[in-house]
Number of protein chains: 2
Amino acid sequence: MNHPTERPAFQKRPFPAALLELLKQNFADRVSTAQAVREHHGRDESPFDPQLPDAVVYARSTDEVQTIVKLCAEHDVPIIPYGNGSSLEGHLLAVQGGVSIDLSEMNQVVSINAEDLTVTVQPGISRKQLNEALKDTGLFFPIDPGADASIGGMSATRASGTNAVRYGTMRENVLGLTVVTADGRVIKTGTRARKSSAGYDLTRLFVGSEGTLGVITEITVRLYPQPEAISAAVCAFPSMGDAVRAVIETIQMGVPIARVEFVDKLAVRAINRHSNLTLREAPMLFFEFHGTESGVLEQAQTVQDIVAANKGEDFEWATRPEDRSRLWNARHSAYFAMLQLKPGCRAVTTDVCVPISRLAECVEETEKDLQGSYLPSPIVGHVGDGNFHVAMLLDPARPEELEEAERINRRIVGRALKMGGTCTGEHGVGLHKMGFMIDEHGEDAVAVMRSIKQALDPKNLMNPGKIFSFEG
Amino acid sequence: MNHPTERPAFQKRPFPAALLELLKQNFADRVSTAQAVREHHGRDESPFDPQLPDAVVYARSTDEVQTIVKLCAEHDVPIIPYGNGSSLEGHLLAVQGGVSIDLSEMNQVVSINAEDLTVTVQPGISRKQLNEALKDTGLFFPIDPGADASIGGMSATRASGTNAVRYGTMRENVLGLTVVTADGRVIKTGTRARKSSAGYDLTRLFVGSEGTLGVITEITVRLYPQPEAISAAVCAFPSMGDAVRAVIETIQMGVPIARVEFVDKLAVRAINRHSNLTLREAPMLFFEFHGTESGVLEQAQTVQDIVAANKGEDFEWATRPEDRSRLWNARHSAYFAMLQLKPGCRAVTTDVCVPISRLAECVEETEKDLQGSYLPSPIVGHVGDGNFHVAMLLDPARPEELEEAERINRRIVGRALKMGGTCTGEHGVGLHKMGFMIDEHGEDAVAVMRSIKQALDPKNLMNPGKIFSFEG
């Protein structure tokens, strides 16, 4: 599939037999060059055709990652860190070949510091595995992208999810990292203290760097006490604009809602089918409130008033924990539910995020764009952050559908940038958003990013060909 | 004064007459080489002797800053951005001479976006000026270091203050920056969207970089709705440890307190004298609760229970706004109040921050250190963050007192680092903490910081001699 977004041509680098030999000496049967394994590691959830790494190595420790990086560096061979494979923008494609470091066996909790509300984990642990491990502590980790992504991958893409409106994103919640740098050094960034002014913020430089500056091998994140009370509700609106305006007022009033998710009519249909629910097929908001018993009641009352003033219907409550789980599982499955609307399809997913004051306008104009297109394109959104996704469902065998999806994507991104927003709120740049980096940041800011890449990875070994063009 | 902390020798660089001439052509009487002006700009609140810049230029716009930076870069002359001069660690000293860019005339609000809860300002505006400008919007900017620092300086040092436990630090609250880089480019980092995954986090790279990577000329920060209800209270404890243990439990319970400040007996005495208060001279906590009327009552009740279980006395309430202002003004004046305990003194201020579980132990061992010293050394702390300050009051004419202060400082920092903490929670590194950077981060992480500096400022023109040694 020929993808229309501007990006450097894929050019494979040599993969020396000597390197493969050395990897096998060190990692024995944890090195694979099998076609199926390489295909699995050379793709993600994006509609890009796979680009295969030359080999996959399953690492089990920071030391092992260091060994792989040093060996690859000696042989000028690219390195792509691989977590759960759930990225959406082509992050994992080995566009220049090289070694995919599979971190899924590094999925342990290193230490839970319940008293400090922190946990240190290996990168391959998934968000659900982490919360399972925390079950008996009374604490939880709130960041929840749709997929059961790895914490390493979530750090690398600066991920967020449905709870970000209350608890922030990976940017706010990663306290420190262990990173293997391109030249094979192991550094620790940050401390377990809640704040620090001691030098450059390397933690936040690596968070969101998409594997282009180093391999993250350990992550310390903040945890939160399980709220004393939780309640969730859904409500339908006559239009998308009304729903979004209710959200804007809620945010502007400073109500500390934990979650507020928008789901459009088509997405509700997909979710109903996939998760066996009977939600009304109308623009909907999903709310969740965290706090003390009385605090949650108070928040809900305030929000109900705002909803009513914006033509929303009465709340339907999901008060029992199992009903809440069902609701949020359905929301988290939305991406896969939407894919099932069109058998055999793939999705181009937009991910713009705009200042909240512009969100209603942005969503309404996007709706008009979509009405003018033949692609089924449901909308869901973390609207409390000003972030929403359109999943444009296309037949990968039909290039014109991909072109149509990209045409709409460009319109949506262009609009968001004009409104002071960003081309990606939480999915990252990968391959797919590279063409928008200069539009968003300007030539000079991208040049600064490039000079940081040059300083830390002059040979362009770390996940090359991602975020911005860079020759090394 | 000969300062014992490890740092590179001060070595002035040439200041060409041609540069002065060009600056005068461009800025006329806004260039000064007067001794008094240079002395004012070559010092801060630290006990370091002033190190004078060769000239001071008062800039009025980003374009003007760009002109100054370009001229200085052409002549290999250092540049030190100057806000309100309230830094505590020697940040502003012109250790290699050069031009101090005074940004105090760039003190305007560029735009208030009340609907988005953001404001864009010039760097010279102070936090009090900003909140004054926001008065009629129902919004406020919470970050409040002791001094009425400039927002530019607060960004450059990653400052926080008494509200950070609830609202975060400059790290969490700066959304975007305009920066003039060392080679005279103007870049914009970030957007007004609440989150983004679009490339390297340049915003957070410049936040906390202490002027060593560029000059910040515009800042967009998050604002918060004024809480519906606020209440404040103080309470005394039999010991410092008891007070801190009450705080630890409060944090671990997840009570969303807005402020919790520790003040020791000696600091209470200083505050009473300076601000005409009659607080009991005992270890005290100052609390503030923000929320709805009922939320604030509920928080206060929970915290009162925790306080009682830790031998704290009943709350004394400051319910009227004027009483609250008086209390917090007194707390904010603590630094100056403490200086008055010893006429003619200067203060070496420690600024460690540790994981909250270690805070009681850290504070109690610090107390023992101080009992073994002859320097009067009051303690205050943003204990909800695990951050506290000892102000060691010394006679600048007596080198042995400085040595004694540094001896204690090294013990305190060493202990904090062993506990997984940081040498500076909010003041920054400046000159004074440079010797701890490798202890805290390790050689390799500091080497990564240095390579970023090398990439962005190869000639070492931007506030040289700060944070870490770097030759350029």
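Use the structure listed above.
Just so we're clear, the structure is a prediction, and the values are computed from it rather than from any experiment. (Residues numbered from 1 in each chain as written. Chains lettered and ligands numbered in written order. Predicted model: local features only at pLDDT ≥ 70, side-chain atom pairs only at ≥ 80, totals over all residues. Heavy atoms only, no water.)

Some words on the packing of helix α9 (residues 240-252) of chain B against helix α11 (residues 293-309) of chain B
Residues and elements named next belong to chain B.
Here's step 1: In contact at an axis separation of 9 Å, α9 and α11 are set at 140° when each is read in the N-to-C sense. In terms of orientation, α9 lies oblique with respect to α11. Seen from above, α9 lies across α11 with right-handed handedness. Side by side, α9 and α11 meet where A246, E249 and T250 of the first sit next to V303, I306 and V307 of the second.
Here's step 2: Counted by class, the contact of α9 with α11 contains four nonpolar, one polar and one charged residues. (Axes fitted to C-alpha atoms, helices over the stretch in contact; angles between N-to-C directions. Helix = DSSP H or I, 4+ residues; strand = E, 2+ residues; numbered from the N terminus. Parallel < 35°, antiparallel > 145°, perpendicular 65-115°, else oblique. Left-handed = near helix turned anticlockwise from the far one by under 90°. Contact = heavy atoms within 4.5 Å. Nonpolar A, V, L, I, M, F, W, Y, C, P; charged D, E, K, R; others polar.)

Observations regarding the pattern of salt bridges
If charged atoms from side chains of opposite charge come close, those side chains can pair.
Here's step 1: All chains considered together, the criterion is met by 69 salt bridges over all chains.
Here's step 2: Salt-bridge contacts for D116(B) lead to R192(B); the nearest nitrogen and oxygen are separated by 3.0 Å. Of this pair, D116(B) sits in the loop between β5 (109-113) and β6 (118-121) while R192(B) sits in the loop between β9 (186-189) and α8 (202-206), and the two are 76 residues apart along the sequence.
Here's step 3: The class for D116(B) is buried, based on a relative accessible area of 9%.
Here's step 4: For E404(B), the salt bridge is made with R407(B), and the minimal N-O distance between the two is 3.0 Å. Taken as a pair, E404(B) and R407(B) lie in helix α15 (residues 399-418) at a separation of three residues, close to a single helical turn.
Here's step 5: Residue classification places R407(B) among the partly exposed positions, given a relative accessible area of 34%.
Here's step 6: Residues participating in the shared-partner salt-bridge network are D144(A), R259(A), E288(A) and R324(A). (Salt bridge = Lys/Arg side-chain N within 4 Å of Asp/Glu carboxyl O. Buried < 20%, exposed > 50% of the residue type's maximum accessible area, 1.4 Å probe, protein only.)

A word on the packing of aromatic side chains
Here's step 1: Enumeration over the complete set of coordinates arrives at 22 aromatic pairs over all chains.
Here's step 2: The interplanar angle of 65° and the centroid separation of 5.3 Å between the aromatic rings of F315(A) and W317(A) together place this pair among those described as edge-to-face.
Here's step 3: The exposure class assigned to F315(A) is buried, which follows from its relative accessible area of 7%.
Here's step 4: A relative accessible area of 38% means that W317(A) is categorised as partly exposed.
Here's step 5: R259(B) extends its terminal NZ or CZ atom over the ring of W328(B), reaching a point 4.2 Å from the ring centre. (Phe/Tyr/Trp six-rings, centres within 6.5 Å; stacked < 30°, edge-to-face > 60°. Lys NZ or Arg CZ within 6 Å of the ring centre and 35° of its normal.)

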